[in-house]
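In case you want the letters, here they are:
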Amino acid sequence: MSETIFDKIISREIPADIVYEDDISLAFKDINPQAPVHFLVIPKKRIATINDIAKEDREVVGHLSWVAAKVAGEMGIAQEGFRTVMNCNEFGGQSVYHIHLHVLGGKLLGWPPYTDKPKNLE
Ligand code: AMP
């Protein structure tokens, strides 16, 4: 699996607005926010899509949700609520092939999400 822009963020080759880091994961603000708060939580291990999660990756992937809630709490959006999303492949709207949990909040979010016309169908 080839390197993505997120590997360059992990290695600090390109800058990002990092909000959390530990041995397993990195969280940083999305460059094109879709809500008042929008950050991404990624594993440092390169995993292309949800379909590529191996049995031994389960702890790493679970860790991403723990980080999402921790940072959401620090940002003051946890009590009102927020949404986590992990897109998979073309139909899921994935554009970066290194799994990432989107964390969106800071406003009342519409549901179901597919009532909005997706960018890739314009
Ligand atoms: P997805 O379409 O689910 O693969 O989401 C990829 C996300 O990565 C999009 O929301 C992009 O705005 C975001 N993104 C791409 N490049 C960067 C970057 N350099 N820094 C922060 N976020 C990025």
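Quantities reported herein were computed from a predicted structural model and do not represent experimental measurements. (Residues numbered from 1 in each chain as written. Predicted model: local features only at pLDDT ≥ 70, side-chain atom pairs only at ≥ 80, totals over all residues. Heavy atoms only, no water.)

### Points about the confidence of the model for the protein
With 93% of its residues at a pLDDT of 70 or more, the protein has an overall mean of 94. Within the protein, the element-level pLDDT minimum falls on helix H3 (residues 89–92), averaging 95, and the maximum on strand S3 (residues 37–43), averaging 99. (pLDDT = per-residue confidence, 0-100. Helix = DSSP H or I, 4+ residues; strand = E, 2+ residues; numbered from the N terminus.)

### Notes on the sheet that holds strand S2 (residues 25–29)
Judged by pairing direction, the sheet is antiparallel, and its five strands sit side by side in the order S1-S2-S3-S5-S4 without closing on themselves. Across the chains shown, the open sheet's two edge strands, defined by having one partner strand only, are strand S1 (18–21) and strand S4 (82–85). Sheet twist, expressed as the average angle between the axes of neighbouring strands with direction ignored, equals 20 degrees. Pairing geometry for S4 and strand S5 (residues 101–105), over four bridges, is antiparallel. Looking across to S5, one finds that Val85 is bridged to His102. (Pairing = 2+ DSSP bridges. Axes fitted to C-alpha atoms, helices over the stretch in contact; angles between N-to-C directions.)

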